[in-house]
Amino acid sequence: MSTAKEGGRVVALPGTDETVGALRQVLALVEPLAQQESVLLRAYALTVVAETRAALDHLGAAPVE
Amino acid sequence: MQRVYANKAAETASREEVEAVQWQKVRRHLEYVYERSPFYRQRLDAAGARPDKVRSLADFQAAVPLMRKTDVLEDLEANPPYGSRLCVSPDQLVQVTMTGGTSGVGQEVYAQTAADVVRATTIYAQGCAYASIEPGDVVASTWPVGVTAGSQWIFASYQRQHVLLLALGIYDSLTKLNIMRRFGARILTATPSYLMQLEATARTELGWNVAEDLPVDRILISTEGFSMGRAETLERTWGAKLYEWYGATQGVLTANCEHGALYEGKLGMLHLYPHMALMETLHPETHEPVSYGEEGEVVVTLLGVEASPLLRFATGDKARLLPAEECGCGRPYDGFQSGSIARYDDMLKVRGVSFWPYMTDQVIFDDATVENYQGTVTTADDGGEELTVEVEFVADTPTAARPKRLEELAAALRSSIGLRMRVVEATRKLPEFTDVQSKAKRWLDQRSR
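My aim in this report is to walk through the structure given alongside it, one point at a time. (Residues numbered from 1 in each chain as written. Chains lettered and ligands numbered in written order. Predicted model: local features only at pLDDT ≥ 70, side-chain atom pairs only at ≥ 80, totals over all residues. Heavy atoms only, no water.)

## Focus on the overall build of chain A
To be explicit about the condition: The secondary structure listing takes helices from DSSP runs of H or I that are at least 4 residues long and strands from runs of E that are at least 2 residues long, numbered from the N terminus. Burial status follows relative accessibility: with a 1.4 Å probe on protein chains alone, a residue under 20% of its type maximum counts as buried, one over 50% as exposed, and anything between as partly exposed. Only heavy atoms matter for contacts: two residues are in contact if any of them lie within 4.5 Å across the pair.
From N to C terminus, chain A includes two helices and two strands. Listing every helix and strand of chain A by position from the N terminus yields β-β-α-α. In chain A, which comprises 65 residues, the proportion classed as buried is 40%. Summarising the internal contacts of chain A: among those between residues at least 6 apart in sequence, 46% fall at separations of at least 24.

Put into structure tokens, the structure is as follows:
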């Protein structure tokens, strides 16, 4: 298990590359939904965005590096 | 004891790996606040600490100035209602937290985005996981929900943890106890002072022995320092294991691991989470890092905070720093000794001797005949300083035995604190700390200045 790196720099906790990658994909997919017109769907999307951003933070990763 | 993982990647990494992640987060955090906040840009420019000049953690600690409550208050005054520290647009905010204002100086305001709230509540949940709180558990919270940080985050965190939460904050002690028994609460969260108040109510008004008449087996405590003796008394009285957590309006900061507040005959450890926060422990006057085993002021830089971030915020809290190995749980996190956290501004200095109220709590509440006490420091006619302790006895303490107990308490206080105190039986009803959010103020300083 090694520390996750991008361009030679440490970007997340060891062994979390795949999880960080998956969470960033979720964020990329859901963030546009948080702009939509339907208020309730927007609220669900905002919740997913907040949870995903916080999860990345707990793994030591930025939402986008 | 079974090892619980709240974040396995962080808990099984080496210290070097976690510190590498910490530095990258510090770097990102610095760039973030510099880019988004006029408050920080001005401070960092003035200190010569622009992000491109800060190339290591040592650079960061040397160049970035400490900030204090007064800095936050001045910014709020000049830029209401959130201050120019705010790094997001107001329409991204979902929560505001405020300090209690008990210092008399002013109330700090912090704003949170949804991700900030998730972050804070998840850090609290980390301590809960170590206390083996699981979905399906019944949790009684005695914190009334308001604009204070702890109350909102505790409430939201338990909802995230899928436990059955009994939010009892607004009820009187009797109602809280009855609801706890009715629904079989096994976990209780309160301050040490309020635990004593709750136990006294159960004993005197309901005739309960809380260790036998309530199924509580774990208690999460915070906000007050305590000694090993007091923690042992609370565990024995309640028949439950104590877990401590420590947070402030600025954020949830640390918690005990599964070892709890007392473990194998010594006080436990509040573990720091280096991948979530840079926590420094500095000498309160020189601002140099203290060594392991020493006490210092807690200085926090919470990493990843979006709305109201802080850089090297000096909390005014003191704590004793311990190395990770001291705990033995195997996590690569240094920590603070459980019970060692207290406010520097609560410290009393009398006749050249400094002490904190939790130290007198230890001596006085070790005596099972004491229900409550109030200490007062006054200036005597000759200009000297006098300490008086009024003691309220448990109702069934025989009147004839009381004078001897008072003498013994005075001797114990002198031996433990190093100060002579006049210990008398109270002739009035002493203040009770029935509101869990009000930190117990058992000492009054009435010296003429």
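## Digging into the nonpolar core
Residues and elements named next belong to chain B. Which entries qualify depends on this criterion: We define a nonpolar core as any set of buried Ala, Val, Leu, Ile, Met, Phe, Trp, Tyr and Cys residues linked to one another through side-chain atoms lying within 4.5 Å.
Formed by 50 residues in total, the largest nonpolar core has its most connected members in Met180, Leu188, Leu195, Ile219, Trp238, Val389 and Trp443. Broken down by element, the residue count for this core peaks at five residues, all from helix H9 (residues 192-206). Apart from residues lying up to four places away in sequence, leucine 195 is in contact with Leu188, Ala190, Ile219, Ile221, Leu234, Trp238 and Leu242. In this structure, Tyr40, Leu73, Leu278 and Met279 belong to the second largest nonpolar core, which totals 39 residues.

## Notes on the packing of helix H2 (residues 15-36) of chain B against helix H3 (residues 38-46) of chain B
Residue and element names in this part refer to chain B. The criterion, for reference: Simply put, an axis is a line fit to the C-alpha atoms, just over the touching stretch for a helix, and the angle between two N-to-C directions goes from 0 to 180 degrees. For classification purposes, angles smaller than 35 degrees are called roughly parallel, those larger than 145 roughly antiparallel, those between 65 and 115 roughly perpendicular, and all remaining angles oblique. In this scheme the handedness of a crossing depends on how the near helix is turned from the far one: anticlockwise by less than a right angle means left-handed, clockwise means right-handed. Each residue is assigned to one class: nonpolar for Ala, Val, Leu, Ile, Met, Phe, Trp, Tyr, Cys and Pro, charged for Asp, Glu, Lys and Arg, and polar for all the others, Gly among them.
At a minimum axis distance of 6 Å, the contact between H2 and H3 shows a crossing angle of 110°. Here H2 is positioned roughly perpendicular relative to H3, judged by the angle of their axes. In the packing of H2 onto H3, the handedness of the crossing is left-handed. Facing Leu30, Val33, Tyr34, Glu35 and Arg36 of H2, the residues of H3 in contact are Pro38, Tyr40, Arg41, Leu44 and Asp45. When the residues that make up the contact of H2 with H3 are grouped by side-chain class, the tally is six nonpolar, no polar and four charged.

## Thoughts on the side chain of glutamate 199 of chain B
Tracing the chain through its elements places glutamate 199 of chain B in helix H9. Not counting residues up to four positions away in its chain, the partners in contact with glutamate 199 of chain B are Val210, Thr237 and Trp238 of chain B.

## So, the interface of chain B and chain A
Our working definition: Buried surface area refers to the total accessible area, computed with a probe of radius 1.4 Å, that the two partners give up upon joining, counted for both partners together. Definition used for salt bridges: Asp or Glu carboxyl oxygen within 4 Å of a side-chain nitrogen of Lys or Arg.
Opposite the 25 residues of chain B that make contact, chain A presents 20 residues. Buried area between chain B and chain A, both sides added, is near 1,700 Å², and the carbon and sulfur share of it is 57%. For chain B, the biggest contributors to the area lost against chain A are Glu17, Val21 and Arg28 of chain B; these three give 26% of the whole. For the pair chain B and chain A, the number of links is four salt bridges.

## A short note on helix H6 (residues 114-130) of chain B
So the rule is basically this: Expected helix span is given by 1.5 Å per residue-to-residue step, counting one fewer step than there are residues.
Over its 17 residues, H6 of chain B runs 25 Å from end to end, which matches the ideal 24 Å to within 8%, given 1.5 Å per residue. Burial of H6 of chain B is extensive: 14 of the 17 residues sit out of reach of the surface.

## What to know about the pairing of strand S7 (residues 241-248) of chain B
All names here are of chain B. Applicable threshold: Two strands qualify as a pair provided that DSSP identifies no fewer than 2 bridges between them. A clockwise path from the first strand over the helix to the second, with the strands pointing away from the viewer, defines a right-handed crossover.
Of all eight residues in S7, six are buried; the element is thus mostly enclosed. Sheet topology places strand S6 (residues 218-221) next to S7; four bridges connect them, and they run parallel. Directly across from leucine 220, in S7, lies its bridge partner tyrosine 243. The handedness of the S6 to S7 crossover, carried by helix H11 (residues 228-238), is right-handed. Taken together, the four bridges between S7 and strand S8 (residues 251-256) define a ladder with antiparallel strand orientation. Within the sheet, the bridge partner assigned to alanine 248 lies in S8 and is glycine 251. From the end of S7 to the start of S8, which pair antiparallel, there are two residues.

## Considerations on helix H2 (residues 39-58) of chain A
For H2 of chain A, with 20 residues, the first-to-last C-alpha span of 29 Å sits near the 28 Å given by 1.5 Å per residue. Among the residues of H2 of chain A, Ala45, Val49, Ala50, Thr52, Ala54, Leu56, Asp57 and His58 of chain A are the ones counted as buried. If you follow the buried residues of H2 of chain A, they end up packed against helix H1 (17-30) of chain A together with H2 and H6 of chain B.

## What about the sheet that holds strand S21 (residues 422-425) of chain B?
Residue and element names in this part refer to chain B. Pairing is mixed across the open sheet formed by four strands, whose spatial order is S21-S20-S19-S22. Edge positions in the sheet fall to S21 and strand S22 (443-446), since each has one partner strand and no second. Recorded for the sheet is a direction-independent mean angle of 20° between the axes of neighbouring strands. One ladder, built from four bridges, connects strand S20 (residues 385-393) with S21; its direction is parallel. Within the sheet, the bridge partner assigned to valine 391 lies in S21 and is glutamate 425. Running over the sheet, helix H12 (residues 357-365) touches strand S19 (370-379), S20 and S22 and is turned about 135° from S19.

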